[in-house]
Structures are given as structure tokens and as C-alpha cells.
Amino acid sequence: MMLVKSSLNNMENYLKKVKFVKSIVDVKEAPNDYSHEVLFVGKSNVGKSSLINALVNNKKMAFTSSQPGHTRLLNYFSVEDNFYLVDCPGYGYSKKKDLDYTWYAKMIDSYFLDNKKLSLIVFLLDSRHIPTDDDLDFYTYLKHFNYPFIICMTKCDKLNMSLKSKINKNIKEKFGEEAAKETVFLTSINDKNSIFKLADYIKEKVGG
């Protein structure tokens, strides 16, 4: 498992020229200007929108909420006139229970089906907690496809060194030994170095 921490020598930059394009519920309505997409996905309230805002250095770009389950659509953001960031609704929380889960599954299945533009999936996990059964289900779902993905641990500034050292162990115990092969980023919206490191990786994957 490659654990990617922040680097004081890697201060490239934020993602630039970012603007909101549109929100969709049907993938047939997706914008079609660029050939690359980077999907952000994870459990509700894991910090997807906050991480996107940190990457683009704009706290108001993606809407954030303290209430889980707020993001209900696939939100597209244009970056550097080159690719899209896609903010996906979170899984694992539903006031309407089965109705919402059915809707979510249909939307995700449609998005993943033969998506030739999907260059990278950023799979977010809360570093403060052991991965849940919902996380395991989505990890298994991701492994079913051949799309490249990374595991991004959020809110790492809230961990001491002892807890950070347990991240790999927690992932392998929940996801299995095969998870040792995955690339794992340790991030915090309060640690610019970790944000720059992730931004660099994203730009590399889309050819930026």
C-alpha cells in the first residue's frame, strides 16, 4: 500500500480556472466538452465537497453541509479548460431508506457503465473511523470495474501519529489483503501540502 503524505517540497498549486457547469440526475445530460472526468465519491458527510473546495481554493465552489445526504445530484465542475471534477452524492445515509438507495444505485450504475471519460475515482474515507460495511460494499463495487482509483483519507489533521499509523491496518482488515496494493492519500483541508499533492496527482492522471 502506497501511503501518500503531504510533502513540503511539493508546492505546485491549486486546481485553477474552475467553474460550476451543471447538476444532473441522468447521465445523458452530462456535459460533453472534455475527454476526462475525475469522480469524488464516498460516504455521506465524509467531506467530498469540502475537499473539492480545498483543491480549487474556493470555499463556496461546491456546496457543503453539516447534514449528511445533502448532495443529491452529480455536480460537474470544469477545471483548467481540460477536465471535469464530478461531485457524487454520498452513500450510506437515507431518510427515505430503500427508495433512495434504489435511486442512488441506478444513477451510479448508469454513470459507471462504459464511461470512457472516467480517468480517476477519488474514493474518500473518514480517517477518524474504521471503514464501514457501506464502504466495503462500494470498494467491492469499484474493484468490479477497471477504472483507476485512489483511496483518499479525509480529516487527517484530527489524528495523532498513533492513529495515523493504524490507517493501513484498518483498511486491510476491512477490505482484505488485496487493499495493500492501493494508493492511499492522507489529506486535510487544513493542510495545504496534502491538497497540493492530491492536485498534482489528479492533473497527472488527466494529462494536465
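Residues numbered from 1 in each chain as written. Predicted model: local features only at pLDDT ≥ 70, side-chain atom pairs only at ≥ 80, totals over all residues. Heavy atoms only, no water.

(A) View of the pattern of salt bridges. Inspection of the entire model under this criterion finds eight salt bridges. One salt bridge in this structure joins Asp-126 and Arg-128, with 2.8 Å as the shortest N-O distance. Relative accessible area serves as the criterion here: at 14%, Asp-126 is assigned to the buried category. The class for Arg-128 is partly exposed, based on a relative accessible area of 38%. One continuous salt-bridge network, built from bridges that share partners, spans Asp-126, Arg-128 and Lys-155. (Salt bridge = Lys/Arg side-chain N within 4 Å of Asp/Glu carboxyl O. Buried < 20%, exposed > 50% of the residue type's maximum accessible area, 1.4 Å probe, protein only.)

(B) Structural view of the nonpolar core. In this structure, Leu-39, Phe-112, Ile-121, Phe-123, Phe-138, Ile-151 and Met-153 are the most contacted members of the largest nonpolar core, which totals 35 residues. Sort the elements by how many residues they give to this core and helix α2 (residues 98-112) lands first, with five residues. Leave out the neighbours within four places in its chain, and Phe-138 touches Val-41, Tyr-91, Tyr-104, Ile-108 and Phe-123. Of all hydrophobic cores here, the second largest spans 31 residues; its members include Val-38, Phe-83, Leu-85 and Ile-150. (Core = buried A, V, L, I, M, F, W, Y, C linked by side-chain atoms within 4.5 Å. Helix = DSSP H or I, 4+ residues; strand = E, 2+ residues; numbered from the N terminus. Contact = heavy atoms within 4.5 Å.)

(C) Geometry of unusual backbone geometry. We note that Asn-57 has phi near 60°; this positive angle belongs to a residue other than glycine. Tracing the chain through its elements places Asn-57 in the loop between α1 (48-56) and β4 (74-79). For Asn-57, a relative accessible area of 52% translates into the label exposed. In this model, Glu-80 sits at a positive phi of 55°, which is unusual for a non-glycine residue. Position of Glu-80 relative to the elements: it lies in the loop between β4 and β5 (83-87). Of the residues examined, Glu-80 reaches a relative accessible area of 25% and is grouped as partly exposed.

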